[in-house]
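Chain by chain, the residues run as shown.
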Amino acid sequence: MSVLIAPSILSADFARLGDEVKAIDEAGCDWIHIDVMDGHFVPNLTFGPPVIKAIRPWTKKTFDVHLMIDPAQPYLEDYAKAGADIIVVHAEADRHIDRSLQIIRGLGKKAGISLNPATPESVIEYVLDKLDLVLVMSVNPGFGGQSFIESQVEKVARIRRMIGSRAIDIEVDGGVTPETAPRLIAAGANVLVAGSAVFKTKDYAGNIAAIRG
Ligand code: DX5
Ligand code: ZN
């Protein structure tokens, strides 16, 4: 299985966001990972649908929208209309995950669930048939540049076993580098998010290739 790289624009230069999106597209990224934070579910605040809409014309690549907002359900349609291709909600921020997944698919988008480091993988057990993606957080969400939490490698392996032959992506987010990526891929991850490891130098193509391995 080939691994997909999804640079997180949380680490991009926000003053030049359109150019940055174009640059990672041209550097060979697969998806664009978009971190939406509300200052409530996570202790940081980023941007919402208007900014996503503004960068949409800058690339044709998949917009992977990671909603770190509570509640998310009232806003799902706004993110779909803004240009999201995949909408990911946090298990911890939603009492009605099953309904959220149905809403996202009803909007014609791919549906994902994200799990904080302390959240067990069992929360996805009864919604496997409504899921397109599971996002394993390997840092506590809120900020880029944090250290990788090693225990999440085992969680990836367990999710890979739960998924069996279903077409569900396993994405990992937080502290992904050329050093941590091989362990995640070996455990069964097929999409890797990287913020600082992509944007740390101007050689985005080289940085993406190094994570891809
Ligand atoms: C953290 C975000 C991540 C973050 C990853 O809450 O969800 O996408 O940008 O950043 P790095 O790759 O620097 O750990
Ligand atoms: Zn993210």
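Described in the following lines is the structure provided in the data block. (Residues numbered from 1 in each chain as written. Chains lettered and ligands numbered in written order. Predicted model: local features only at pLDDT ≥ 70, side-chain atom pairs only at ≥ 80, totals over all residues. Heavy atoms only, no water.)

The helix and strand inventory of the protein chain stands at eight helices and eight strands. Scaling as 2.2 N^0.38, a compact globule of 213 residues should have a C-alpha radius of gyration of about 17 Å, and the protein chain matches this with 16 Å. Seen along its three principal axes, the alpha-carbon backbone of the protein chain occupies a region of about 45 × 35 × 30 Å. For the protein chain, buried positions account for 54% of its 213 residues. Summarising the internal contacts of the protein chain: among those between residues at least 6 apart in sequence, 63% fall at separations of at least 24. As displayed, the protein chain has an accessible area near 9,200 Å², and 53% of this comes from carbon and sulfur atoms. (Helix = DSSP H or I, 4+ residues; strand = E, 2+ residues; numbered from the N terminus. Rg over C-alpha atoms; globule rule 2.2 N^0.38 Å. Buried < 20%, exposed > 50% of the residue type's maximum accessible area, 1.4 Å probe, protein only. Contact = heavy atoms within 4.5 Å. Areas by Shrake-Rupley, 256 points an atom, 1.4 Å probe, with all protein chains shown as cover.)

Now for the site of ligand 1. Neighbouring ligand 1 are 20 residues; D35, G142, D173, G195 and S196 lie closest to it. The contact in question runs from an oxygen atom of ligand 1 to an N or O atom on the side chain of D35, over 2.7 Å. Contact with the protein chains hides 100% of the accessible area of ligand 1, taken as 380 Å² for the molecule alone. Of the residues forming the shell around ligand 1, the biggest block, three residues, is contributed by strand β2 (residues 31-37). (Near = heavy atom within 4 Å. Polar contact = N/O pair within 3.5 Å; in protein donor to acceptor, adjacent residues only side chain to side chain.)

Turning next to the coordination of the zinc ion (ligand 2). Summarising the metal site, the zinc ion (ligand 2) is bound by the protein donors H33 (NE2), D35 (OD), H66 (ND1) and D173 (OD), whose distances to it range over 2.0 to 2.3 Å. Classification of the site at the zinc ion (ligand 2) rests on its six donor atoms, whose angles at the metal span 67 to 168°, yielding the label octahedral. Within one chain, the residues donating to the zinc ion (ligand 2) are spaced in sequence as H-x1-D-x30-H-x106-D. Pair noted here: H33 is in strand β2 and D173 is in strand β7 (residues 169-173), with a separation of 140 residues, a long-range link. (Donors = N, O, S within 2.8 Å, 3.2 Å for Na, K, Ca; no water. Tetrahedral: all angles 85-135°; square planar, octahedral: opposite > 155°, others 65-115°.)

Moving on: unusual backbone geometry. Residue D70 is joined to P71 through a cis peptide bond whose omega torsion reads 5°. With respect to the helices and strands, the residue P71 is situated in the loop between β3 (62-68) and α3 (76-82).

With that settled, consider the packing of aromatic side chains. Under the criterion given, the structure shown has two aromatic pairs. Note on F14 and F47: the rings are 5.7 Å apart at their centroids and 65° apart in plane angle, and the pair reads as edge-to-face. Of the two residues, F14 is situated in the loop between β1 (4-7) and α1 (17-26) and F47 in the loop between β2 and α2 (49-55); the sequence distance between them amounts to 33 residues. When the ring of F199 is compared with that of Y204, the centres are 5.0 Å apart and the planes differ by 70°; the resulting orientation is edge-to-face. Taking relative accessible area as the criterion, F199 reaches 10% and is therefore assigned buried. When the ring centre of F63 is taken as origin, the NZ or CZ atom of R56, which lies over that ring, is 3.7 Å away. (Phe/Tyr/Trp six-rings, centres within 6.5 Å; stacked < 30°, edge-to-face > 60°. Lys NZ or Arg CZ within 6 Å of the ring centre and 35° of its normal.)

For S100, the position within the fold is in helix α4 (residues 97-106). Overall, S100 belongs to the buried group, its relative accessible area being 0%. Residues within four places of S100 in sequence aside, it is in contact with Q73, L76, V89 and D94.

Moving on: the sheet that holds β1. With parallel pairing, the eight strands of this open sheet are ordered in space as β1-β8-β7-β6-β5-β4-β3-β2. The outermost strands of the open sheet, each flanked by one partner alone, are β1 and β2. Direction aside, the axes of adjacent strands within the sheet are offset by 25° on average. Looking at chain direction, β1 and strand β8 (residues 191-194) are connected through four bridges and run parallel. Note on β8: the bridge partner recorded for P7 is A194. Strands β4 (86-90) and β5 (110-115) of the sheet are contacted by α4, whose axis makes an angle of about 145° with β5. Across the sheet, helix α8 (residues 204-212) lies against β1 and β8, angled at about 135° from β1, the strand it touches most. (Pairing = 2+ DSSP bridges. Axes fitted to C-alpha atoms, helices over the stretch in contact; angles between N-to-C directions.)

So far we have only geometry, and geometry alone does not tell us how the molecule works.
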